[in-house]
Amino acid sequence: MSSDTLAKASSAPGTPEHADTPRIVPQRRLGQWTAAVVVLGLLGAAVTSVLRNEAFQWDVVADHFTSAAVLRGLWLTLWLTAVVMALGFALGTLLAAARLSANPVLRAVSWGYVWLFRSIPILVQLLLWFNIGALYPRILGVRTVDLLGPVTVAVIGLTLHEAAYAAEVVRGGILSVDRGQIEAAQALGLSRWRRWWRIVLPQAMRSIVPPAGNMLIGTLKGTSIVSVIAVQDLLFSVQLVYHRTYQVIPLLMVATIWYTVVTSVLSVGQYYVERHYARGAERTR
């Protein structure tokens, strides 16, 4: 009898070796399935109660969801978010570079800026800028009231606030790059600009993008605070409507849904940007 025949015979179902082989039985996860069913049941009940609750007045929500006033407020919210993030990160990058420089004065000024603007609540900052005319009635010979309107005050206040956080995000991203990468680039004779543009920045972006994406979403929602200085953003626009119609809940739902939609789109974009800069660093897909 050949060796192959003996091997097949030894692996036959009736052999003692096969009888002694333990049978693998999947573990029963009754608790997990029970918890999942309970959570889904509670979630379904919550959604049903919201959809069937007449106090939400979903017909009113549908009527105002794409109204001209709401869309104008939404556009101003998006514009304000984009401008504040662009200016905030531009200023924050300069502050981060100053914090990492060898000049002790620049380091102290950058640290002081970050400390100050992270210490003062954003609402207080906006109110201070809105009432800057009480301190400086004229700037460059122009009345402050004419120079700084509500939208300008919102841009200045939010930008200065965001720059303090952006500076720390950028600084943390730069510090996350291994020092050996910079030394290797220096050994290759790359100029300082090319080292930052080709070596440091692409690797730092892996650490910068996630908190920057969170800042973007936070800024989008945080712009609602400018309604206190009469900037007609999305929240202020729906407030103008429900002050006239007294339909508070449905108009607030209009703003809530719009914020949710825009935030979801930004979250998807953040995912793809993170995946782009993570190329070459991930071991598995």
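See the structure printed just above.
First things first, this report covers the structure right here in the doc. (Residues numbered from 1 in each chain as written. Predicted model: local features only at pLDDT ≥ 70, side-chain atom pairs only at ≥ 80, totals over all residues. Heavy atoms only, no water.)

Description of the overall build of the chain
Helix and strand counts for the chain stand at 13 helices and two strands. Its C-alpha atoms give the chain a radius of gyration of 29 Å, clearly above 19 Å, the size a compact globule of 285 residues would have. Taken over the C-alpha atoms alone, the chain extends approximately 110 × 70 × 30 Å along its principal axes. When the 285 residues of the chain are sorted by exposure, 32% land in the buried category. Excluding contacts between residues fewer than 6 apart, the proportion of contacts in the chain whose partners are at least 24 apart in sequence is 75%. Roughly 18,500 Å² of accessible area belongs to the chain as shown, and the carbon and sulfur atoms make up 65% of that amount. When the 24 positive and 14 negative side-chain charges of the chain are each reduced to one mean point, those points stand 9 Å apart. (Helix = DSSP H or I, 4+ residues; strand = E, 2+ residues; numbered from the N terminus. Rg over C-alpha atoms; globule rule 2.2 N^0.38 Å. Buried < 20%, exposed > 50% of the residue type's maximum accessible area, 1.4 Å probe, protein only. Contact = heavy atoms within 4.5 Å. Areas by Shrake-Rupley, 256 points an atom, 1.4 Å probe, with all protein chains shown as cover. Lys, Arg positive; Asp, Glu negative; His and termini not counted. Charge placed at Lys NZ, Arg CZ, Asp CG, Glu CD.)

Here we look at helix α13 (residues 248-277)
Along its 30 residues, α13 runs 43 Å from first to last C-alpha, staying within 8% of the 44 Å computed at 1.5 Å per residue. Burial in α13 covers these residues: P250, L251, M253, V254, A255, W258, Y259, V262, T263 and Q270. (Expected span 1.5 Å × (residues − 1).)

Brief notes about the layout of surface pockets
Counted as a void, the largest pocket has a volume near 710 Å³. Contributing to the lining of the largest pocket are 23 residues, with A97, L100, I174, W196 and V200 lying nearest its centre. Looking at the lining of the largest pocket, the elements that each hand over two or more residues are α5 (68-100), α9 (150-175), α10 (179-187) and α11 (192-222). Sorting elements by how many residues they give to the lining of the largest pocket places α11 first, with 10 residues. Partitioned by chemical class, the residues of the lining of the largest pocket number 17 nonpolar, three polar and three charged. Empty space within the second largest pocket amounts to approximately 220 Å³. (1 Å grid on protein atoms, 1.4 Å probe; cavity = no way out; pocket = protein on both sides within 12 Å on 5 of 7 lines; lining within 4 Å. Points joined across faces, edges and corners; volume = space filled by probe spheres on them. Nonpolar A, V, L, I, M, F, W, Y, C, P; charged D, E, K, R; others polar.)

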